[in-house]
Each structure stands twice: as structure tokens, then as C-alpha cells.
Amino acid sequence: MSEREAVVIGAGVAGLTSALRLVDGGWRVRVWAAEPPERTTSAVAAAIWYPYRVGPVDRVEAWGRRSFAVFSELADDPETGVRMAPGTELLEVGGEPSKVPGWAAHIADFRVANADEVPPGRVGWTFTVPVIDTSVYLRWLSGRLHRRGVSIEIWRVGSLAEAAEAAPLVVNCSGLGARELAGDAALRPVRGQVVRVENPGLTRFWLDDCNPGGLTYIVPRRGDCILGGTDDEGEEDASPDAATGEAILRRCVELEPALAGARVLEHRVGLRPWRPEIRLEAETLPGGARVIHNYGHGGAGVTLSWGCAERVVELASS
């Protein structure tokens, strides 16, 4: 067994990106996953670059900046499924647009929205960020790994020790699976339901976390729109609920009337792996194998993926 061999557990965006950066760093990598990339929570995500429900703030901002830079470069290649998109985030009624979040410091066009750019009585910010079509992007990541000789093996890992028998370095990107693999009681699901519809020609996104009816967002992609959503902490039912889907559609049409009559393509549910802070650290197992944990990203797994993956490589090399 080579000292620079690694097993990455998980084929969501955290696992695939970590695997790719390890390969870039000269590691021989295998990916073990309970589900293929297209069946992971990452595949359900609207995947707009936005640090949502995630901490700690200082490290999140650094990982987010690095990921923003990489996605900005990938947006030049249409095969990646990444594009730079403008949009608006609405604040609560009576909110103060002067309270700019720290993550906005590196976004060149971030500004307070004009009155004619928001619904009556609302305030908000407008800015341009990467939007990642995960139906394309996960295939692109998988393809890059395949061309580098990395296989994605679909089977459920029973323990970290089992993975450590195959390689001296294990990278745990198992999402909610880390509750069992790492015995992490702080990790819990946050259920997110979305509706995918045909795109009637929209190019701008909308984010409204303060809608009285619930979390509301509209993320246009090239061929469709992802409409959301829900934010149900502790809920583990991954079956779409028809009434919830109808409520999502109503809120989104109210915010963007052009969506009225858009053909519904599917309803989907993802379980975001949330914990009070991301776990991105190394430990040594009995017997000497090293494990790097990279999970607990909540709703920001894509947003932080490249920054976190590069931190994985730093830890692997230390």
C-alpha cells in the first residue's frame, strides 16, 4: 500500500471535488459511495453560490472566496454547467440593506437594489454569483476523475476502519452518513424540497428567506428553473409532498409572474447534512490510518466545495 493512496467516501460534490484536488496533488485515489453522483443530495441542489446555513463564519468566508474564484473560471467553459448569473436577495420587511454580509466583500457588483427592482415594500441586494447546474456539473466532475484514472465504486462503507484497510488516508465526505461512520450526534438533516420547471426565459435568480409562506427561491438554469423551497430541520422523509410542491409554485409565481403556466418537470427532495459548524479536520485511527473529515456543509456544500477540498489536501500533506 502506497503512503499516498486515499479512499474518499462519498460521491456528492464534496467527495468528488476532494478526490479531484487530491489527484492534482499527486495522490492515488478511489471513491467509495453508497449512491452514484446523480442520486446524492448535491444533485438536488439549486446550487447557487451562497453561504447558506453554515459556519464557522471566518472559515466559511475564506473557503467561499476560493470556491467563488474557481467557479468564476469554470463559467468560461459551457461544458461545466457553471455560469455567472445576476439576481436579487430580498430582506425582511423593514430590513436594513446597510448591513452587508461579510461574504459580499469580494463580489464586485454587490449593491442595494433599486426600488423598481424589488416588490413593493421590500428591500434587498443585487449581485452576480456562480450558478451551478448540478445535472451537468456532477457529470463533469466525474468525467475529470475518470480521465485521471479514478473509479467511483458504489457500495456502502461499513466503518472508517474498513476504508482504512484499503488506504492509509481516508477522506470522509459521507454527508449524513457521518452520523454512523463518525458517530456524530451533532449532525442532522435539513429537508429541502424543490420543484423543477421549464425555464420560460428567466436569467436572474431570486432569493427570499423572509417570505411569510416559507423559504422561496428561483434559480434559472439553461434549460430549466429550480424553485424552492423548504428548510425543515430534523425531517428525514425524502419523498416529495404534493401540497408542499404546490405551495412552492404559488410563492414563486407570486414573486416572478413569468413562471405562471411553466411546465412542471419533477418534484425532488434533498436532505442537507447540517451541524453547528462544518467538520473539516484530521484524526488518527487506532492502527495509524489517518481520516480527514469534510462534512456538515448544510445548504452550502457546492458553495464551499473547492475551498474545503483544498483544505483537505493541506491536511493530507501535513
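A few points on the structure. (Residues numbered from 1 in each chain as written. Predicted model: local features only at pLDDT ≥ 70, side-chain atom pairs only at ≥ 80, totals over all residues. Heavy atoms only, no water.)

Mapped onto the elements, P37 comes out in the loop between strand 2 (28–33) and helix 2 (41–44). On the accessibility criterion, P37 (8% relative accessible area) is buried. The spacing of P37 and D76 is 39 residues in sequence and 23 Å in space, taken between C-alpha atoms. The residues touching P37, leaving out its near neighbours within four places in the chain, are A11, L16, A43, L138, S142 and I152. (Helix = DSSP H or I, 4+ residues; strand = E, 2+ residues; numbered from the N terminus. Buried < 20%, exposed > 50% of the residue type's maximum accessible area, 1.4 Å probe, protein only. Contact = heavy atoms within 4.5 Å.)

Moving on, we get to helix 4 (residues 134–147). With 14 residues, helix 4 should reach 20 Å at 1.5 Å per residue; the first-to-last C-alpha distance of 19 Å fits that figure. If you check which residues of helix 4 are buried, you get T134, Y137, L138, W140, L141, S142, G143 and L145. Backbone geometry just after helix 4 places G149 at a positive phi near 85°. (Expected span 1.5 Å × (residues − 1).)

In this section: the packing of helix 1 (residues 13–24) against helix 8 (residues 305–317). The N-to-C vectors of helix 1 and helix 8 enclose an angle of 50°; their axes lie 8 Å apart at closest approach. Here helix 1 lies oblique to helix 8, going by the angle between them. For helix 1 against helix 8, the interelement crossing comes out right-handed. Each of V13, T17, S18, L20, R21 and L22 in helix 1 lies in contact with helix 8, whose residues at this interface are S305, W306, A309, E310, V312, V313 and A316. Looking at the contact of helix 1 with helix 8, its residues break down into 8 nonpolar, 3 polar and 2 charged. (Axes fitted to C-alpha atoms, helices over the stretch in contact; angles between N-to-C directions. Parallel < 35°, antiparallel > 145°, perpendicular 65-115°, else oblique. Left-handed = near helix turned anticlockwise from the far one by under 90°. Nonpolar A, V, L, I, M, F, W, Y, C, P; charged D, E, K, R; others polar.)

Counting residues in hydrophobic clusters, the biggest one holds 70 residues, and the most contacted among them are L22, V29, F71, F127, Y137 and W306. No other element matches helix 1, which puts 7 residues into this core. Among residues more than four places away in sequence, those in contact with F71 are W49, V82, P130, I132, Y137, V302, S305 and W306. Counting 16 residues, the second-largest nonpolar core is a separate cluster that includes L90, I218, L249 and A262. (Core = buried A, V, L, I, M, F, W, Y, C linked by side-chain atoms within 4.5 Å.)

The next subject is a negative patch on the surface. Where like charges cluster on the molecular surface, the negative patch consists of E73, D76, D77 and E79. Among the structural elements, D76 can be located in the loop between helix 3 (57–74) and strand 3 (82–90). (Patch = residues over 30% accessible without salt bridge, like charges linked within 9 Å, V, L, I, M, F, W, Y side chains within 5 Å. Areas by Shrake-Rupley, 256 points an atom, 1.4 Å probe, with all protein chains shown as cover. Salt bridge = Lys/Arg side-chain N within 4 Å of Asp/Glu carboxyl O. Lys, Arg positive; Asp, Glu negative; His and termini not counted. Charge placed at Lys NZ, Arg CZ, Asp CG, Glu CD.)

Our next topic: the packing of helix 1 against helix 4. Remark: helix 1 packs on helix 4, axes separated minimally by 10 Å, with the N-to-C direction vectors making an angle of 30°. Here helix 1 is positioned roughly parallel relative to helix 4, judged by the angle of their axes. The handedness of the crossing between helix 1 and helix 4 comes out as left-handed. Here helix 1 contributes V13, L16, T17, A19 and L20 to the contact with helix 4, which in turn contributes Y137, L138, L141, S142, R144 and L145. Looking at side-chain class alone, the contact of helix 1 with helix 4 contains 8 nonpolar, 2 polar and 1 charged residues.

Counted at 1.5 Å a residue, the expected span for helix 1 with its 12 residues is 16 Å, and the 16 Å between its end C-alpha atoms agrees. Of all the positions in helix 1, only V13, A14, G15, L16, T17, S18, A19, L20, R21, L22 and V23 are classed as buried. Downstream of helix 1 by one or two residues, G26 has phi in the positive range, about 95°.

The full count for this structure, using the stated rule, is 11 aromatic pairs. Between W103 and F110, the aromatic rings sit 5.9 Å apart at their centres with planes inclined by 90°, giving edge-to-face as the arrangement. Pair check on accessibility: W103 and F110 agree, each one buried. Members of the aromatic cluster, joined through ring pairs, are W49, Y50, F68, W103, F110, W125, F127 and F205. (Phe/Tyr/Trp six-rings, centres within 6.5 Å; stacked < 30°, edge-to-face > 60°.)

Moving on, we come to unusual backbone geometry. Cis geometry marks the peptide bond from G55 to P56, where omega comes out at 5°. Here P56 is to be found in the loop between helix 2 and helix 3. Cis rather than trans, the peptide bond between G228 and G229 has omega equal to 5°. By the element assignment, G229 lies in the loop between strand 11 (224–228) and strand 12 (232–233). With phi around 60°, A47 is a residue other than glycine that occupies positive phi space.

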